[in-house]
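# Observations on the model geometry
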Amino acid sequence: MAFSGLSKRIRELPKSNFPAIIKMAEEDKSIISLGIGEPDFPAPKKVKAALKNAVDKNFTHYSPTGGRHELQEAIAKKLKKENKIRVEDIHSQIIATSGSSEAIMMAIMGIVDVGEELLVPNPGFLTYRPTVELIDAVPVSYNLHSEDGFQIHVEEIKKLCTPKTQGIIVNTPSNPTGTVLKKKVLEELADLAIQKNIIIISDEAYEHLVYDNAKHLSMGSLNGMEEHVLSLFSFSKSYAMPGFRLGYAVGPERLVKAMQQFHLYTTLSPNTMSQIAGITALSKCGKDIEKMRNEYNKRRKILIKGIQEIDGLEIEVAPEGAFYLFPKITNGMSSEQASKALIQKAKVLTAPGNEFGTQGEGFLRMSYATALPKIKEAIERMKKNFH
Ligand SMILES: Cc1ncc(COP(=O)(O)O)c(C=O)c1O
């Protein structure tokens, strides 16, 4: 029989307003964008040089399904030093992926069967829910609340666990809220995962982007979690390399080996030249990360102060991570209305909070991965034009 139309799973993907909003910002240069989730910094110089060198040296071939050996070695070293995660066997516990997006997809497909459940944050990064739905599994939201800075309540998570629950996606620092989860919360989650025999998918894409007194803790470093956590990392955010499309996952051998096998039937491996550049990023770019983090922190403080002076927006607990703020709308507008009003009247692009789940309704996501003068100008415009 001939092609009869789009599959139900594709037809039922959520309709996002994001592409239309981003197009608007691209077409109208007077718009200041606080809407985009990627660094405004270019990749570090050393990384760019390593990429060019990789091309010249003909690293233009396929890579093994787990990633290149030298990259896996550099990842293991970094995990030990920075995340306190010990890897017994780099070849069977680490997989390099095309961005952490691919790792999210492969992890979900590797863990959850049709009809089984995965707990996802609400509000949360916008791919989690649709990815679970794409494989006819069931995403179960755990709600996060602004009053307590969007921390997870493990008691609530416990109540949501059923015999069908396979795991929980935990994202710290968080997109869209900027929340850094507290050590106590992560320890309680770890206990729960062990007690219920489920797995944590720990999305740590923003691992380095924590400010002031906040500390990032990898659940993979906690006692007894060897079999209960798959940790996902990205080069896109703290290393400013989103276009390189490189990320990696580390976790239990059984799962990671299955993901490597699965790789054979998806992309095979991430871009080989990006992998070579990734080694330089991991081993030689500490200072670059630090410089960018300091700059983000400066912007974060100014944007928080600015938002506090805008009638109709409120930040209950100042977020300490990633490069996002998630202010509450207090003038009665919905997320869509507020975002539209800001773009039309103030020419400032923000992301409507409802794009990140039902619990995001009534909020806006603002990214400070934008140059400081633009942030200052955006604050002035919003002060005058948010109504
Ligand atoms: C929480 C989170 N995880 C994962 C990703 C995916 O990043 P990448 O595929 O570029 O590594 C993003 C990107 O915005 C994100 O915000």
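What counts as what
Residues numbered from 1 in each chain as written. Predicted model: local features only at pLDDT ≥ 70, side-chain atom pairs only at ≥ 80, totals over all residues. Heavy atoms only, no water. Buried < 20%, exposed > 50% of the residue type's maximum accessible area, 1.4 Å probe, protein only. Helix = DSSP H or I, 4+ residues; strand = E, 2+ residues; numbered from the N terminus. Arc of directions from axis to C-beta. Contact = heavy atoms within 4.5 Å. Salt bridge = Lys/Arg side-chain N within 4 Å of Asp/Glu carboxyl O. Phe/Tyr/Trp six-rings, centres within 6.5 Å; stacked < 30°, edge-to-face > 60°. Near = heavy atom within 4 Å. Polar contact = N/O pair within 3.5 Å; in protein donor to acceptor, adjacent residues only side chain to side chain. Areas by Shrake-Rupley, 256 points an atom, 1.4 Å probe, with all protein chains shown as cover. Expected span 1.5 Å × (residues − 1). Pairing = 2+ DSSP bridges. Axes fitted to C-alpha atoms, helices over the stretch in contact; angles between N-to-C directions. Patch = residues over 30% accessible without salt bridge, like charges linked within 9 Å, V, L, I, M, F, W, Y side chains within 5 Å. Lys, Arg positive; Asp, Glu negative; His and termini not counted. Charge placed at Lys NZ, Arg CZ, Asp CG, Glu CD.

## Here we look at helix H2 (residues 18–27)
- Those residues of H2 lying buried are Phe 18, Ile 21 and Ala 25. Here the buried residues of H2 occupy an arc of 70 degrees about the axis, which is enough to place them on one side. Residues of H2 that are exposed and point over 90 degrees away from its buried face: Pro 19, Ala 20, Lys 23, Glu 26 and Glu 27.
- The secondary structure elements touched by the buried residues of H2 are helix H13 (335–346), strand S12 (348–349), strand S13 (351–352) and strand S14 (364–367).

## Considerations on unusual backbone geometry
- Note the cis peptide between Asn 122 and Pro 123, where omega equals 5 degrees.
- With respect to the element layout, Pro 123 can be found in the loop between strand S3 (117–122) and helix H7 (128–134).
- Cis geometry is adopted by the peptide bond preceding Pro 176, which originates at Asn 175 and carries an omega value of 20 degrees.
- Note that Pro 176 resides in the loop between strand S5 (165–171) and helix H9 (183–196).
- Not every positive phi belongs to a glycine, and Lys 84 is a case in point at roughly 60 degrees.

## Quick look at the pattern of salt bridges
- Summed over all chains, the structure comprises 22 salt bridges.
- Between Arg 86 and Glu 88 there is a salt bridge whose closest N-O contact spans 3.3 Å.
- On the basis of relative accessible area, Arg 86 is assigned to the exposed category, the value being 63%.
- By relative accessible area, Glu 88 is classed as exposed at 65%.
- A salt bridge links Asp 212 to Arg 300; the nearest nitrogen and oxygen atoms lie 2.7 Å apart. Here Asp 212 is found in the loop between strand S6 (199–203) and strand S7 (229–234), whereas its partner Arg 300 is found in helix H12 (residues 286–308), with 88 residues between them in sequence.
- Here Asp 212 falls in the partly exposed class, since its relative accessible area comes to 46%.
- Within the structure, one salt-bridge network assembled from shared partners comprises Asp 40, Glu 295, Lys 298 and Arg 299.

## Focus on the packing of aromatic side chains
- In total, this model carries 14 aromatic pairs according to the counting rule given.
- Between the aromatic rings of Tyr 206 and Tyr 324, the centroid separation amounts to 5.6 Å while the plane-to-plane angle is 75 degrees, which identifies the pairing as edge-to-face. On the criterion of sequence distance, the pair formed by Tyr 206 in the loop between S6 and S7 and Tyr 324 in strand S10 (residues 324–325) is long-range, its members being 118 residues apart.
- Residue Tyr 206 is classed as buried on the basis of its relative accessible area of 3%.
- The buried category is assigned to Tyr 324, whose relative accessible area is 0%.

## A look at the site of the ligand
- Around the ligand lies a shell of 15 residues, among which Ser 100, Ser 101, Asp 203, Ser 234 and Ser 236 are the nearest.
- Contact distances for the ligand include 2.7 Å between an oxygen atom and a side-chain N or O atom of Ser 234.
- The fraction of the free accessible surface of the ligand (400 Å²) that becomes covered by protein chains is 92%.
- No other element matches helix H6 (residues 99–111), which puts four residues into the shell around the ligand.

## Considering H9
- In this model, H9 (14 residues) spans 20 Å end to end at C-alpha, consistent with the 20 Å of a helix rising 1.5 Å per residue.
- Among the residues of H9, Val 185, Leu 186, Leu 189, Ala 190, Leu 192 and Ala 193 are the ones counted as buried. In an axial view of H9, the angular spread of the buried residues amounts to 165 degrees, which keeps them on one side of the axis. For H9, the exposed residues set more than 90 degrees away from the buried face come down to Lys 183, Lys 184, Asp 191 and Gln 195.

## Some points on the sheet that holds S13
- Pairing within the open sheet is antiparallel, and its three strands lie in the order S10-S14-S13. Strand pairing shows two members of the sheet lacking a second neighbour, S10 and S13, which therefore form its edges.
- Note that S10 and S14 share two bridges and pair antiparallel. Its bridge partner lying in S14, Tyr 324 is registered against Ser 367.
- Its contacts with the sheet place H13 against S13 and S14, and it is angled at close to 45 degrees to S14.

## Observations concerning a positive patch on the surface
- Together, Lys 45, Lys 48, Lys 52 and Lys 291 make up a region of like positive charge exposed at the surface.
- Of the residues forming the positive patch, the biggest block, three residues, is contributed by helix H3 (residues 45–56).
- By the secondary structure assignment, Lys 52 is in helix H3.
- Judged by relative accessible area, Lys 52 falls into the exposed class, the value being 58%.

## A few points about a nonpolar patch on the surface
- Judged by side-chain polarity, Phe 3, Leu 6 and Ile 10 come together as a nonpolar surface patch covering roughly 370 Å² of accessible area.
- Secondary-structure assignment places Leu 6 in the segment before helix H1 (8–11).

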